[in-house]
Amino acid sequence: MTDQPDTRRALRDAFGTFMTGVTVVTALDDAGKPLGFTANSFSSVSLDPPLLLVQIARTSVNYPAFTSGRGFAVNILSEGQKDISNTFARPVADRFAGIDWQPGPHGAPILPDVAAWFDCALHQVVEAGDHAILLGRIEAFHATPAPGLGYYRGTYFTPVATQGAVPTGPDIIVSAILERDGQVLLCDDGFGGLTLPTARVGRDGTAATLQTLIAQCGLNAAPGPLYSVYEDVARRQQHIAFRCPATDGTPSRGAFVDLAPASFADVTDQALRTMLDRLAEETRMGNYGIYFGNQDAGQVAPVAAGPIEKGQPR
Ligand SMILES: Cc1cc2nc3c(=O)[nH]c(=O)nc-3n(C[C@H](O)[C@H](O)[C@H](O)COP(=O)(O)O)c2cc1C
């Protein structure tokens, strides 16, 4: 059923209608190095014995360490820890850099200022499709009054700070269209498909987030013209994509593929795939437009050749 990217995407979105908190699951590797990943698949399981569960993707680089180690900790993030969640969900070289973590009583890393933590022994691993269920036996735990960070339809929310409301404004998502020699850089979307290098716009704003995104790809590239602005209404996200001509450098994530529709078959986001198809066609024709609309429909405004005059569409 889910061998079609569209169906897989629809199922992910359906799962996303379930509001959750956000956790960072941590452990130490054999050399004592801290490991961790963001997870919202946490659930309490049993009081006697005290058990909890969290699921880890088989594709995670952390899979071997978490499924065969002596244990792990679940850190329930507090409202102000959205940035920590993003760090532990992205390919950051050292996710613990600048974090003052402490080993818990059972040994796994405990993050500061979390709403609660549970330090667990690995009780059981149950393989389940493309994930494994990690059952942890709670050896020690601590809870604080700090309100937890929420996650709903692919967006964070802060229930207490916003007095119980889900956010009113959409999250802003920026994508870098890194182009070179008729090719474009596509990366793993973390769920078996492909995507553009994409990030949620942080506190520093869109331009800084785009620069960080380019730097993370390890390429020599410059932010270029705006290419697409669209709203994904269901996911409450505003997407902005910029063309970024790349020169030299070997990508540290993803790979360049030909700018042709056949290369985009594994791009799971339908709106993104439509945008890439347009880019392929416009590159072939040699003239470009800017898309404004939502995830389903909108209009492409041609890029004005001369100076933009008052009253003309921008
Ligand atoms: C809010 C949120 C929840 C996530 N939940 C899970 C999860 O439950 N299990 C999982 O394996 N990955 C989950 N991910 C994705 C991982 O955090 C991310 O793909 C992973 O850290 C990538 O790095 P790694 O697999 O190389 O460790 C989640 C990401 C986010 C942003």
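Bear in mind that the values here come from a model prediction, so they are computed numbers and not experimental data. (Residues numbered from 1 in each chain as written. Predicted model: local features only at pLDDT ≥ 70, side-chain atom pairs only at ≥ 80, totals over all residues. Heavy atoms only, no water.)

A.B. asks: Is there a simple way to explain the packing of aromatic side chains in this structure?
C.D. replies: By convention here, two paired aromatic rings are described through the distance between centres and the angle between planes. Evaluated as defined, the whole model comprises eight aromatic pairs. Here the aromatic rings of phenylalanine 37 and phenylalanine 66 are separated by 5.1 Å at their centres, their planes lie at 85 degrees, and the arrangement is edge-to-face. On the criterion of sequence distance, the pair formed by phenylalanine 37 in strand β3 (residues 34-39) and phenylalanine 66 in helix α2 (residues 63-68) is long-range, its members being 29 residues apart. Aromatic ring contacts, followed pair by pair, group Phe42, Phe118 and Phe141 into a single cluster. For the cation-ring pair, arginine 243 lies above tyrosine 288, with the distance from its terminal atom to the ring centre recorded as 3.7 Å. Over the face of the ring belonging to tyrosine 227 we find arginine 278, whose NZ or CZ atom lies 4.0 Å from the ring centre. (Phe/Tyr/Trp six-rings, centres within 6.5 Å; stacked < 30°, edge-to-face > 60°. Helix = DSSP H or I, 4+ residues; strand = E, 2+ residues; numbered from the N terminus. Lys NZ or Arg CZ within 6 Å of the ring centre and 35° of its normal.)

A.B. asks: Explanation requested: the confidence of the model for the protein in the structure shown.
C.D. replies: Low pLDDT means the predicted coordinates in that region are not meant to be read closely. The pLDDT averaged across the protein works out to 89; a share of 93% of its residues lies at or above 70. For the stretch residues 164-168, pLDDT sits under 50, and the model shows nine contacts to residues farther than four places along the chain or on other chains. pLDDT under 50 marks residues 305-314. Its contacts with residues more than four places away, or in other chains, come to three contacts. (pLDDT = per-residue confidence, 0-100. Contact = heavy atoms within 4.5 Å.)

A.B. asks: Help me understand the sheet that holds strand β12 (residues 155-157), please; the structure alone is not making it clear to me.
C.D. replies: Strand pairing in a sheet relies on backbone hydrogen bonds. The paired strands run either parallel or antiparallel. As summarised here, the arrangement of the three strands in space is β1-β11-β12, forming an open sheet in which the pairing is antiparallel. The sheet terminates laterally at β1 (20-21) and β12, the two strands that pair on one side only. (Pairing = 2+ DSSP bridges.)

A.B. asks: Looking at this structure, how should I read the environment of leucine 213?
C.D. replies: With respect to the helices and strands, leucine 213 occurs in helix α4 (residues 206-216). The spacing of leucine 213 and valine 201 is 12 residues in sequence and 10 Å in space, taken between C-alpha atoms.

A.B. asks: Would you explain the nonpolar core in this entry?
C.D. replies: Across soluble globular proteins, you tend to see nonpolar side chains buried next to one another. In terms of nonpolar packing, the biggest core is built from 20 residues, with Val25, Leu52, Ile56, Phe66, Phe72 and Phe118 touching the most fellow members. Contributing elements (two or more residues each) for this core: β2 (23-28), β3, β5 (51-57), α2, β6 (71-76), β9 (116-128) and β10 (131-143). (Core = buried A, V, L, I, M, F, W, Y, C linked by side-chain atoms within 4.5 Å. Buried < 20%, exposed > 50% of the residue type's maximum accessible area, 1.4 Å probe, protein only.)

A.B. asks: What am I meant to see in the side chain of glutamate 79 here?
C.D. replies: With respect to the helices, strands and loops of the structure, glutamate 79 is situated in the loop between β6 and α3 (82-87). An unpaired buried charge is present at glutamate 79: no salt bridge exists, and lysine 82, the closest side chain of opposite charge, is 11 Å distant. (Lys, Arg positive; Asp, Glu negative; His and termini not counted. Salt bridge = Lys/Arg side-chain N within 4 Å of Asp/Glu carboxyl O.)

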